[in-house]
Amino acid sequence: MSDRDAGGTGDTGAEAAGEPAGGNPPVRRLSDWDAERLHRLAAAHETPLYVQDLDRVRENCERLLAAFPDADVRYAVKAHTGRAVLEAVRDAGLDAECASAGELDRALAAGFDGSRLHYTAVNPPARDLDHAAGVAAGEPGITVTVGAVDTLDRLAERGYDGRVCVRVNPGVGAGHHEKVTTGGAAKFGIPYDRAADAAREAAERFDLVGIHAHAGSGIDPDQLDSHRELVARMGELARDLADPDAAGDGDAAASADPIALEYVDVGGGFGVPYEEDAPPLDLPAVAAATREAVAPLPEDTDLAIEPGRYVVADAGVLLTRVNTVKPTPDETVVGVDAGMTDLLRPAMYDAYHPIRNLGGGRARDGGDAPSVAEREATPVTVAGPICETGDTLCKDRALADPARGDLLAVGVAGAYGYEMASQYNSRPRPAEVALDDGTATIARRRETLGDLLTVERGAAPDGDDRPEGDR
Ligand SMILES: *Cc1c(COP(=O)(O)O)cnc(C)c1O
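About the cut-offs
Residues numbered from 1 in each chain as written. Predicted model: local features only at pLDDT ≥ 70, side-chain atom pairs only at ≥ 80, totals over all residues. Heavy atoms only, no water. UniProt positions renumbered as here; feature names shortened; annotations may be inferred. Helix = DSSP H or I, 4+ residues; strand = E, 2+ residues; numbered from the N terminus. Buried < 20%, exposed > 50% of the residue type's maximum accessible area, 1.4 Å probe, protein only. Contact = heavy atoms within 4.5 Å. Patch = residues over 30% accessible without salt bridge, like charges linked within 9 Å, V, L, I, M, F, W, Y side chains within 5 Å. Areas by Shrake-Rupley, 256 points an atom, 1.4 Å probe, with all protein chains shown as cover. Salt bridge = Lys/Arg side-chain N within 4 Å of Asp/Glu carboxyl O. Lys, Arg positive; Asp, Glu negative; His and termini not counted. Charge placed at Lys NZ, Arg CZ, Asp CG, Glu CD. Phe/Tyr/Trp six-rings, centres within 6.5 Å; stacked < 30°, edge-to-face > 60°. Lys NZ or Arg CZ within 6 Å of the ring centre and 35° of its normal. Core = buried A, V, L, I, M, F, W, Y, C linked by side-chain atoms within 4.5 Å. Domains from an automatic or database assignment.

An unreviewed UniProt entry lists the chain under the name Diaminopimelate decarboxylase, with Halorubrum sodomense as the source organism. UniProt annotates the chain under Cofactor (unreviewed entry) with the comment "pyridoxal 5'-phosphate". The UniProt entry for the chain carries the following text under Subunit (unreviewed entry): "Homodimer."

Asker: Honestly, the environment of V27 in this entry has me stumped. Any pointers?
Answerer: One can find V27 in the loop between α1 (13–16) and α2 (35–45). For V27, a relative accessible area of 11% puts it in the buried group. Look past the residues within four positions of V27 in its chain and what remains in contact with it is D32, R56, P273, P280 and D314.

Asker: In this structure, what is going on with a negative patch on the surface? I would like to understand it.
Answerer: On the surface, D70, E299, D300 and D302 cluster together to form a negatively charged patch. Here D300 lies in the loop between α12 (283–294) and β11 (302–305).

Asker: Just to check I follow, could you spell out the packing of aromatic side chains for this structure?
Answerer: Scanning the model with the defined rule gives three aromatic pairs in all. Between Y160 and F206, the aromatic rings sit 6.2 Å apart at their centres with planes inclined by 35°, giving tilted as the arrangement. Note that Y160 is positioned in the loop between α7 (149–157) and β7 (163–169) and F206 in the loop between α8 (192–205) and β9 (207–212), a separation of 46 residues in sequence. Each of the two residues, Y160 as well as F206, counts as buried. Directly above the aromatic system of W33 lies the positively charged group of R28, at a separation of 4.8 Å from the ring centroid. The ring of Y418 carries the charged tip of R444 above its face, separated from the ring centre by 3.8 Å.

Asker: Just to check I follow, could you spell out the nonpolar core for this structure?
Answerer: Across soluble globular proteins, nonpolar side chains show a tendency to be buried alongside one another. F68, Y75, V89, V164, I211, F270 and V311 are the most contacted members of the largest nonpolar core, which totals 82 residues. Here this core gathers at least three residues from each of two domains, domain 1 (1–54 + 311–471) and domain 2 (55–310).

Asker: I keep staring at the UniProt feature "binding site: substrate" (unreviewed entry) in the chain and nothing clicks. Help me out?
Answerer: The UniProt record annotates "binding site: substrate" (unreviewed entry) at R309, R345, Y349, E388 and Y416. Relative to the helices and strands, E388 is located in the loop between β15 (377–383) and β16 (392–400). On the basis of relative accessible area, E388 is assigned to the partly exposed category, the value being 37%. For E388, the residues in contact, after removing those within four places along its chain, are M340 and Y424.

Asker: Would you mind going over unusual backbone geometry with me for this structure?
Answerer: The general pattern is negative phi for most residues beyond glycine and trans for most peptide bonds. Omega for the peptide link from T47 to P48 comes to -10°, which places this bond in the cis form. Each neighbour pair has its own omega, and for A295 with P296 the value is -5°, a cis peptide bond. By the element assignment, P296 lies in the loop between α12 and β11. Even without glycine at this site, D300 takes up a positive phi of about 70°. Judged by relative accessible area, D300 falls into the exposed class, the value being 65%. Phi is positive for V412, which is not a glycine, with a value near 50°. Tracing the sequence through the fold places V412 in the loop between β17 (407–410) and β18 (431–436).

Here is the structure:
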């Protein structure tokens, strides 16, 4: 299904935001989306519905490439792994950073060739490593980033002798919530003071091409210092590896061969403003601080970055329909058809997402509710259909007084939205529409109740009915 805009005016976000045609603002706000168009999409495809604007994805890629002209820019695909998004990012010239066998396969299917694939193995299950080694046999340009010496051994056991990058735990973290701060968490990467040894071991056994650190998600203006510190440590490590004599960290290092790295990857975590009045990240300033902190890099060693959220977050909205308006003594609860199974971030991270009432609902007497402009702002809790107290999209938020049937738009939902969706409460996952130069296409169909049954024993004709122990 697709709908083309009347008149083909190409209502890009930039124009809707009052920017000149071809402008590329640092953020697209929820209020910049064309409400009429969102109404049409919800009417055509029902709710809950994700809308992902590929034109905005491209703009975000362009801003990143412009701010980091000399760096390798890799898209962390876990933020949004939809095929249409991956193709747009591939065409824009970014590489793909993948965290699992599944992400690798989806990036390959979207047309990334091996030399543009970076597989970051975090405690990789045997099945994932088997798969990655198999992919590498056909795509030798792929790079595997390892966060433990065990992973080197496990790769060697599978006959892998290709490109390897060592993930370092720099001991500094950043992040908008403790659950997304990885830099200081022991789970991720090899401790900084052992990283040089691990890198030298990797260089003896594999083709060591890089070192990597990812501090966590949410580099924002307040956290530039910890970002700078991480980047500086990585620059220092690269210099130590390139010139072990100068490093002066013991005999082992002094007798070591110099290692010329292709790149120093300082990870992702570029923040986007979720609150309507929060300033956007000053990307050129972050880029300048990054370059300065990592310098001087050894000759022929490039900077690399791995943005996920920044590429897709403000390119997506989630549309949901009001089905219940319930006044209570404490608050008005607005029940909607999207919940934590569609957008987990509020329940999992207490994340804020802007929400806008686009109206269109009915009054209690059955007539049309007044236009949203005529309604009073009312503090409400917006709650989903899941049997969990945490299943709210916002609390005590002022929205234009909601009526049953209204359409709500949840903004900045393009990153870690659909990807974290689940079928909890046996809820089929929502549909997603991709907007591409004025055309809307179903990128992912809505799951059906039937989809929920297909993988269960006895339900599917092609199901695996063998007892668990025999598989
Ligand atoms: C998640 C992740 C990223 C991207 O993080 P964002 O906050 O989305 O930019 C980059 N690198 C690695 C290794 C990651 O796990």
